[in-house]
Amino acid sequence: MEEFERLLRTHFGPLERFVKFKLSGTGDAEDMLQEICLTAYEKFHTLRDPEKFKPWILQIARNKCRNYFIAKKPEHVPLDTVEPYLAASFCGPAEAVQDTLSLMREQERDVLELTYFNGLSQAEIAKKLQVPVGTVKSRMHTAKQHFRAIYPTTTKGNDPMKNLP
């Protein structure tokens, strides 16, 4: 129990950011965080390597968020209800971000995901990718520009990159 609490405290920030990003606008992020923590606690005995707690709990969060959206998915949506959103995208801002990332080169996608989803610093990313910090900075700059260029600008006027450092 103590080890679980210590690890959760250490990695709660990235977990919270991830869930709030995925469930932005739904108002269910706090409930989802509680559900994720409860599941992680119940399944903690299955974690073989405590060093891998962060990716392990983020995977639980991914699964829970995916299940949340599957459960909320309507059985049948009339075309006239969807038509206004066709030009913008079939998805909300979180899904539009994922779609945009999927169109990017792996190097660009990696630095963005490691920074904004995993909460790693540039030094940590450099170590993980085994490249100099300057390379990470350069890739980040290029990735942000590329993201801005291909992100669907018609998605409710949201530009998730406008306030980024």
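For the structure, see preceding data.
Summarised in this report is the structure supplied together with it. (Residues numbered from 1 in each chain as written. Predicted model: local features only at pLDDT ≥ 70, side-chain atom pairs only at ≥ 80, totals over all residues. Heavy atoms only, no water.)

Notes on the overall build of the chain
- The helix and strand inventory of the chain stands at 8 helices and 0 strands.
- Sequence-ordered secondary structure for the chain, helices as α and strands as β, is α-α-α-α-α-α-α-α.
- When the 165 residues of the chain are sorted by exposure, 35% land in the buried category.
- Here the contacts in the chain between residues at least 6 apart in sequence split such that 62% fall between residues at least 24 apart. (Helix = DSSP H or I, 4+ residues; strand = E, 2+ residues; numbered from the N terminus. Buried < 20%, exposed > 50% of the residue type's maximum accessible area, 1.4 Å probe, protein only. Contact = heavy atoms within 4.5 Å.)

Describing the side chain of Thr39
- For Thr39, the position within the fold is in helix 2 (residues 29-43).
- We classify Thr39 as buried; its relative accessible area is 16%.
- With residues near it in sequence (within four places) discarded, Thr39 still touches Ile60 and Lys64.

So, the nonpolar core
- One finds Leu15, Val19, Ile36, Phe53, Trp56 and Ile57 to be the most contacted residues of the largest nonpolar core, which totals 23 residues.
- Looking at this core, the elements that each hand over two or more residues are helix 1 (2-22), helix 2 and helix 3 (53-72).
- With 8 residues, the top contributor of residues to this core is helix 3.
- Apart from the residues lying within four places of it in its own chain, the contact partners of Trp56 are Ala40, Lys43, Phe44, Thr46 and Leu47.
- Core analysis: the next-biggest nonpolar cluster, separate from the first, contains 16 residues, Leu101, Met104, Val131 and Ala143 among them. (Core = buried A, V, L, I, M, F, W, Y, C linked by side-chain atoms within 4.5 Å.)

Section: the packing of helix 6 (residues 106-117) against helix 7 (residues 122-129)
- Where helix 6 meets helix 7, the closest approach of the two axes is 10 Å, and the angle between their N-to-C directions is 135°. Our classification of the angle between helix 6 and helix 7 gives oblique. Considering only the axes of helix 6 and helix 7, their crossing is right-handed. Every residue of helix 7 that contacts helix 6 at Val111, Leu114 and Thr115 is listed here: Ile125, Lys128 and Leu129. (Axes fitted to C-alpha atoms, helices over the stretch in contact; angles between N-to-C directions. Parallel < 35°, antiparallel > 145°, perpendicular 65-115°, else oblique. Left-handed = near helix turned anticlockwise from the far one by under 90°.)

Some thoughts on unusual backbone geometry
- Its identity as a non-glycine residue notwithstanding, Gln130 has a phi of 60°, on the positive side.
- For Gln130, the position within the fold is in the loop between helix 7 and helix 8 (133-150).

Concerning the environment of Tyr41
- Considering the arrangement of structural elements, one finds Tyr41 in helix 2.
- When the C-alpha positions of Tyr41 and Leu8 are compared, they lie 9.4 Å apart, and in sequence the two are 33 residues distant.

Some words on the packing of aromatic side chains
- In this structure the tally under the stated criterion is 9 aromatic pairs.
- Judged by centre distance (5.7 Å) and plane angle (45°), the ring pair of Phe53 and Trp56 falls under tilted. Of this pair, Phe53 and Trp56 both sit in helix 3, 3 residues apart, which is roughly one turn of that helix. You'll find Phe53 and Trp56 in the same group, each marked buried. (Phe/Tyr/Trp six-rings, centres within 6.5 Å; stacked < 30°, edge-to-face > 60°.)

What to know about a nonpolar patch on the surface
- Among the surface-exposed residues, Met1, Leu38 and Tyr41 lie close enough to one another that they form a single nonpolar patch of about 330 Å² accessible area.
- One can find Leu38 in helix 2. (Patch = residues over 30% accessible without salt bridge, like charges linked within 9 Å, V, L, I, M, F, W, Y side chains within 5 Å. Areas by Shrake-Rupley, 256 points an atom, 1.4 Å probe, with all protein chains shown as cover. Salt bridge = Lys/Arg side-chain N within 4 Å of Asp/Glu carboxyl O.)

Details of the side chain of Glu108
- The residue Glu108 is located in helix 6 in this model.
- Look past the residues within four positions of Glu108 in its chain and what remains in contact with it is Thr142, Ala143 and His146.

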